[in-house]
Amino acid sequence: MHFQLREYTIEDGRLDEFVRVWRELILPLRISLGFSVFGPWVERDASRFVWLVGFDGDVRAADERYYASPERAAMDPDPARFIVESRNLWLEAP
């Protein structure tokens, strides 16, 4: 399994709203497309949201399919609008 660690800084005052949108929209779609999801974790003082997404196969190709899906395009509100900064790390076992 390959993983991506995702760390987002969320717009001030909107962390709880982002968590709700993530749980209601992103998480179910990721799981339906075969992803494994761990987390999320939050660091409230920094308005930071962290999660780990994995896929048994080519996680990069699967991630592209996720973003190209009609379900992702239809997300309202668009989760990306809450994110001020993001850091994504592609991880694999040695």
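In this report, the structure presented in the accompanying data block is examined.

What counts as what
- Residues numbered from 1 in each chain as written.
- Predicted model: local features only at pLDDT ≥ 70, side-chain atom pairs only at ≥ 80, totals over all residues.
- Heavy atoms only, no water.
- Buried < 20%, exposed > 50% of the residue type's maximum accessible area, 1.4 Å probe, protein only.
- Helix = DSSP H or I, 4+ residues; strand = E, 2+ residues; numbered from the N terminus.
- Arc of directions from axis to C-beta.
- Contact = heavy atoms within 4.5 Å.
- Polar contact = N/O pair within 3.5 Å; in protein donor to acceptor, adjacent residues only side chain to side chain.
- Phe/Tyr/Trp six-rings, centres within 6.5 Å; stacked < 30°, edge-to-face > 60°.
- Pairing = 2+ DSSP bridges.
- Axes fitted to C-alpha atoms, helices over the stretch in contact; angles between N-to-C directions.
- Salt bridge = Lys/Arg side-chain N within 4 Å of Asp/Glu carboxyl O.

**Re helix 2 (residues 59-68)**
An α-helical turn contains 3.6 residues, so any two residues separated by three or four positions project in the same direction. Restricting attention to buried positions, one finds in helix 2 the residues Val59, Ala62, Asp63 and Tyr66. Viewed end-on, helix 2 has its buried residues packed into an arc of 100°, placing them on one side of the element. What points out from helix 2, more than 90 degrees from its buried face, is the exposed set Glu64 and Ala68. Looking at the buried positions of helix 2, the neighbouring elements they touch are strand 1 (2-10), helix 1 (15-32), strand 3 (48-55), helix 3 (70-73) and strand 4 (83-91). The opening residue of helix 2 is Asp58, an N-cap whose side-chain oxygen sits 3.1 Å from the backbone nitrogen of Arg60.

**Notes on the packing of aromatic side chains**
Applying the stated rule across the entire model yields nine aromatic pairs. Where Tyr8 meets Phe18, the ring centres are 5.9 Å apart and the plane angle is 90°; that geometry is what we call edge-to-face. Taken together, the residues span a long stretch of sequence, with Tyr8 in strand 1 and Phe18 in helix 1 at a distance of ten residues. Among the residues examined, Tyr8 registers a relative accessible area of 7% and is labelled buried.

**As for the sheet that holds strand 1**
Two orientations exist for strands paired in a sheet by backbone hydrogen bonds: parallel and antiparallel. Strand order in the open sheet formed by four strands is 2-3-1-4, and the pairing between neighbours is antiparallel. Of all strands in the sheet, those bounded by a partner on one side alone are strand 2 (36-43) and strand 4. Adjacent strand axes in the sheet meet at a mean angle of 15° when their direction is disregarded. Two strands pair when backbone bridges link them, and strand 2 and strand 3 are joined in this way by six bridges, in the antiparallel orientation.

**Quick look at the pattern of salt bridges**
Under the counting rule described, the total for this entry stands at ten salt bridges. One salt bridge in this structure joins Asp63 and Arg6, with 3.0 Å as the shortest N-O distance. Taken together, the residues span a long stretch of sequence, with Asp63 in helix 2 and Arg6 in strand 1 at a distance of 57 residues. By relative accessible area, Arg6 is classed as buried at 3%. Ionic pairing is found between Glu7 and Arg48, a salt bridge with its closest N-O pair at 3.2 Å. With Glu7 in strand 1 and Arg48 in strand 3, the pair connects residues that are 41 residues apart, well separated along the chain.

No statement about biological role is implied by the geometric values presented.
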